[in-house]
Amino acid sequence: MKNPNPDERRNRPSASKAKDYKLCTDKHHLEMGMPDTTSPEASMGNNIHKALELNDFSKLNREEVSIASACSDNRTMLLNWKWPDWRENPPTVWLEKRLWYKKDKFSGKADFVAFRDNEAVILDYKTGRIKVDEAVENSQLHWCLALVDHALLKQKLTSITVAISQPPARHFSTYTFRRELITVLKGEASRLVNEIDKGGSREELRLVPGTIQCRYCKAKAVCPALSKQFEVLSELKDARTLTPLLLSKVLPVVGAVEARCKAIKEQAKKVLAEGGHIPDWRLKDGPMRRKVTDGGKVYGVLADAGVPFDDILEAATFSVPKVERMCRNHGAEAEFDDCIEVSRGADQLEQIDEKMRAAEELNGIFGEGKKIGGTGAKSNIARGNPHK
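Residues numbered from 1 in each chain as written. Predicted model: local features only at pLDDT ≥ 70, side-chain atom pairs only at ≥ 80, totals over all residues. Heavy atoms only, no water.

1. Points about the overall build of the chain
A tally of regular secondary structure across the chain gives 13 helices and seven strands. A burial count over the chain gives 39% of its 388 residues as buried. (Helix = DSSP H or I, 4+ residues; strand = E, 2+ residues; numbered from the N terminus. Buried < 20%, exposed > 50% of the residue type's maximum accessible area, 1.4 Å probe, protein only.)

2. Considering the pairing of strand β4 (residues 159–166)
In summary, the side chains of a regular strand alternate between the two faces of the sheet. The element β4 is largely enclosed, with a buried count of eight among its eight residues. Following the chain from strand β3 (residues 119–125) across helix α5 (residues 139–151) to the adjacent parallel β4, one finds a crossover that is right-handed. Inspection of the sheet shows β4 paired to strand β5 (residues 171–178) by eight bridges, in the antiparallel sense. Residue pairing for β5: Ser159 is matched across the bridge by Arg178. Between β4 and the antiparallel strand that follows it, β5, lie four residues; Arg170 among them carries a positive phi value of about 50°. (Right-handed = clockwise from strand over helix to strand, strands pointing away. Pairing = 2+ DSSP bridges.)

3. What about helix α3 (residues 40–54)?
Its 15 residues place the ends of α3 21 Å apart at the C-alpha level, agreeing with the 21 Å of an ideal helix rising 1.5 Å per residue. The set of residues buried in α3 consists of Met44, Gly45, Ile48, His49, Ala51 and Leu52. In a view along the axis of α3, the buried residues occupy a sector of 160°, so they form one face of it. Turned more than 90 degrees from where α3 packs its buried face, Pro40, Asn46 and Leu54 sit exposed. Directly after α3, the chain includes Asn55, whose backbone phi takes a positive value near 55°. (Expected span 1.5 Å × (residues − 1). Arc of directions from axis to C-beta.)

4. A few points about the environment of Val298
Checked against the element boundaries, Val298 lands in helix α10 (residues 295–304). Taking the relative accessible area as the measure of exposure, Val298 reaches 35% and is therefore partly exposed. As a C-alpha pair, Val298 and Ile312 span 14 residues in sequence and 9.4 Å in three-dimensional space.

5. Digging into the side chain of Arg98
By the element assignment, Arg98 lies in strand β1 (residues 92–101). For Arg98, a relative accessible area of 17% translates into the label buried. At a separation of 2.8 Å, a polar atom in the side chain of Arg98 contacts the side chain of Ser107. In contact with Arg98, not counting residues within four places along its chain, are Glu8, Arg9, Ser14, Ser107, Gly108 and Lys109. (Polar contact = N/O pair within 3.5 Å; in protein donor to acceptor, adjacent residues only side chain to side chain. Contact = heavy atoms within 4.5 Å.)

6. Some thoughts on empty space enclosed by the protein
Empty pockets left among the atoms are what a rolling probe the size of a water molecule brings to light. A complete count under the given rule lists one cavity of 30 Å³ or more for this structure. Space inside the largest cavity adds up to approximately 90 Å³. Along the walls of the largest cavity sit Cys24, Lys27, Leu30, Leu207, Val208, Pro209, Gln213, Cys214, Cys217, Lys220, Cys223 and Leu226, which together make up its complete lining. Secondary-structure elements contributing two or more residues to the lining of the largest cavity are α2 (27–31) and α7 (211–215). Among the residues forming the lining of the largest cavity, the class breakdown is nine nonpolar, one polar and two charged. (1 Å grid on protein atoms, 1.4 Å probe; cavity = no way out; pocket = protein on both sides within 12 Å on 5 of 7 lines; lining within 4 Å. Points joined across faces, edges and corners; volume = space filled by probe spheres on them. Nonpolar A, V, L, I, M, F, W, Y, C, P; charged D, E, K, R; others polar.)

7. Describing the layout of surface pockets
Empty space within the second largest pocket amounts to approximately 1,400 Å³. Residue assignment for the lining of the second largest pocket shows that the elements contributing at least two residues are α4 (62–82), α10, α11 (309–315) and α12 (320–329). Among the elements that take part in the lining of the second largest pocket, α12 stands out by supplying eight residues, more than any other. Taken together, the residues of the lining of the second largest pocket break down into 23 nonpolar, nine polar and eleven charged.

8. Considerations on the pattern of salt bridges
Counted by the stated rule, this structure contains 19 salt bridges. We note a salt bridge from Glu53 to Lys50, for which the minimum N-O separation is 3.6 Å. Residue Glu53 and its partner Lys50 are both found in helix α3; the two are separated by three residues, about one turn of the helix. Classification of Glu53 as partly exposed rests on a relative accessible area of 28%. Here the residues in one salt-bridge network are Glu8, Arg98 and Lys109, joined through shared partners. (Salt bridge = Lys/Arg side-chain N within 4 Å of Asp/Glu carboxyl O.)

Structure (structure tokens):
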């Protein structure tokens, strides 16, 4: 009987985990055969990706429509920049197409690919609130670039522009790679996959726990290297005595352990939700949340009840991104500086890895390039030509 849910990745490395592989090469073998995990956030992302593929937002809720619309706006803007005449002379477009490198070496599914005149663009939609890497340093896009170039060898591409659209994080970034760097990135991706394949013949996997590579790892609940990190943290008596050097070594462990703890909680919820029994534990109802789904109807009810307009306006909430998009869609030029308050949340810890340093060097070599606007953030489009 045919498997109704075949693994389209065929147990081979996938571009979506390219960054994780750089940090923990053998995790591919530990995760192999494990089912994909899901969450409300992941389901929302799937809904938005499907709607953008079909260009049909009718089944999305209001939050999903807002994110999908912003991604669609960025996609249009990217096409306008790359090919100003794209509506009259449209490029070939691939939507959610899984590509393979040399038959089965590795694969990736690009959300949006367009190509024409020896040039191509790759756009990846992100719907989470944790900001992903800029396009220039994004490992997933590097692998997708390699896949697209391999699939279009006959086109003899001279440049590929990669882009990230992540409205919830106000992030839109782009970068254009020329032929020389395309070749370099293809070689790097191929060599990393070779290292991954070597892990399959090792008696003991080389696993490196860390905040980034453990966050979405399917195997974090059974990872032996992560279990050892629990022991490391349990031996710490007083965090106030940690020196900067020790903090540098402990912080990655903390992130990895937090990911493991989250996986344990999710497993417990799953067991209880399916009718299982955990001694001394039960599943309680989550907090109730209410939200307005029809603002026009609420306004009508309040107005009919005699509530003054100014009082109704005080109860309304305006979303800055939505206001900006309405102005853009209607061609309105308006300044809101005197009625928008900008605040910053608490500072967050971020680990600096070698890839981030390499990206800074790339920007230093090639410059910022041409800037274009984007829904969510400004964007740099750099030619990436080492001869300039």
